[in-house]
Amino acid sequence: MSTHSFALFDTALGPCGIAWGDGGITGLQLHEPGEDRTRARLRQRYAEAVEAAPTQAVQQVIDGVVDLLAGGKPGFESAPLDYSVVSDFQRRVYEIALRIPAGKTVTYGEIARELGDVAYSREVGQALGKNPYAPVVPCHRVLAAGGKAGGFSARGGLDSKAKLLTIEKAATTDAPSLF
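A short tour of the structure in this document, coming up. Keep in mind it's a predicted model, so treat the numbers as computed, not measured.

Overview of the packing of helix α4 (residues 108-115) against helix α5 (residues 121-129)
Phase 1: Relative to each other, α4 and α5 sit at 105°, their axes nearing to 8 Å. On the basis of the axis angle, α4 is roughly perpendicular to α5. Residue-level contacts link Y108, G109, I111, A112 and L115 of α4 to S121, V124, G125 and L128 of α5.
Phase 2: In terms of residue class, the contact of α4 with α5 is made up of 6 nonpolar, 3 polar and no charged.

Section: the side chain of S5
Phase 1: Along the polypeptide, S5 turns up in strand β1 (residues 4-11).
Phase 2: The exposure class of S5 is buried, given its relative accessible area of 10%.
Phase 3: Beyond its immediate sequence surroundings of up to four residues, S5 is in contact with I18, A19, W20, A49, V50 and A52.

Focus on the side chain of R141
Phase 1: Within the element layout of this structure, R141 appears in the loop between α5 and β6 (142-143).
Phase 2: For R141, the residues in contact, after removing those within four places along its chain, are L68, I100, P101, A102, G103, K104, T105, V106, L165 and E168.

Structural notes on helix α2 (residues 56-69)
Phase 1: In a regular helix each residue adds 1.5 Å, so 14 residues correspond to 20 Å; α2 covers 20 Å between its end C-alpha atoms and thus fits that length.
Phase 2: Those residues of α2 that fall on the buried side of the exposure criterion are V58, V61, I62, G64, V65, L68 and L69. One side of α2 carries all its buried residues, which in axial view fall inside an arc of 160°. Looking at α2, the residues exposed on the side facing more than 90 degrees away from the buried face are Q56 and Q60.

So, the environment of L30
Phase 1: Structurally, L30 can be placed in the loop between β3 (24-29) and α1 (35-45).
Phase 2: Considering only alpha carbons, one finds L30 and A134, 104 residues apart in sequence, at a separation of 7.3 Å.

Thresholds, definitions, all that
Residues numbered from 1 in each chain as written. Predicted model: local features only at pLDDT ≥ 70, side-chain atom pairs only at ≥ 80, totals over all residues. Heavy atoms only, no water. Axes fitted to C-alpha atoms, helices over the stretch in contact; angles between N-to-C directions. Helix = DSSP H or I, 4+ residues; strand = E, 2+ residues; numbered from the N terminus. Parallel < 35°, antiparallel > 145°, perpendicular 65-115°, else oblique. Contact = heavy atoms within 4.5 Å. Nonpolar A, V, L, I, M, F, W, Y, C, P; charged D, E, K, R; others polar. Buried < 20%, exposed > 50% of the residue type's maximum accessible area, 1.4 Å probe, protein only. Expected span 1.5 Å × (residues − 1). Arc of directions from axis to C-beta.

Given below as structure tokens:
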């Protein structure tokens with residue numbers, strides 16, 4: 001029987017949360033207004049999880065998120081993400097997004113092209129809209145064509161996306177291709 005846990009942690013933007021199980025991290029929760037709301041959101045998303053102290057691997061991801069939201073540029077390529085909770089297509093999109101460094105942006109079309117067909121742009125956007133690992137998988141660094149913001153499904157929507165990009169000092173227009 002697998003165990004599922006979650007923990008809250010403080011960041012420059014407010015309390016965030018992380019959930020994990022035997023297979024790795026199953027999701028993150030960006031800040032909500034207060035610990036109680038963040039905890040409630042985690043319990044809604046991960047009903048079987050119990051609040052617990054993070055493992056060493058989970059704590060390393062927490063430390064990276066804290067650093068990122070304070071303006072640092074940690075990399076998460078080796079974060080122990082549990083991809084069993086997402087589709088194969090989503091996993092491939094998230095693996096590509098993980099390569100986008102802090103302070104840089106790409107478009108949905110560029111990720112689609114990396115997947116083999118620019119026609120996948122809409123599906124890339126849908127996959128990023130369901131991203132359970134934000135900001136570790138940095139969906140906020142993916143923009144619509146022409147450097148426009150596109151969408152962002154986390155609390156605060158496009159304002160939150162803009163805030164994350166501002167923290168990272170990322171350009172949101174005329175972004176050069178990384179791929």
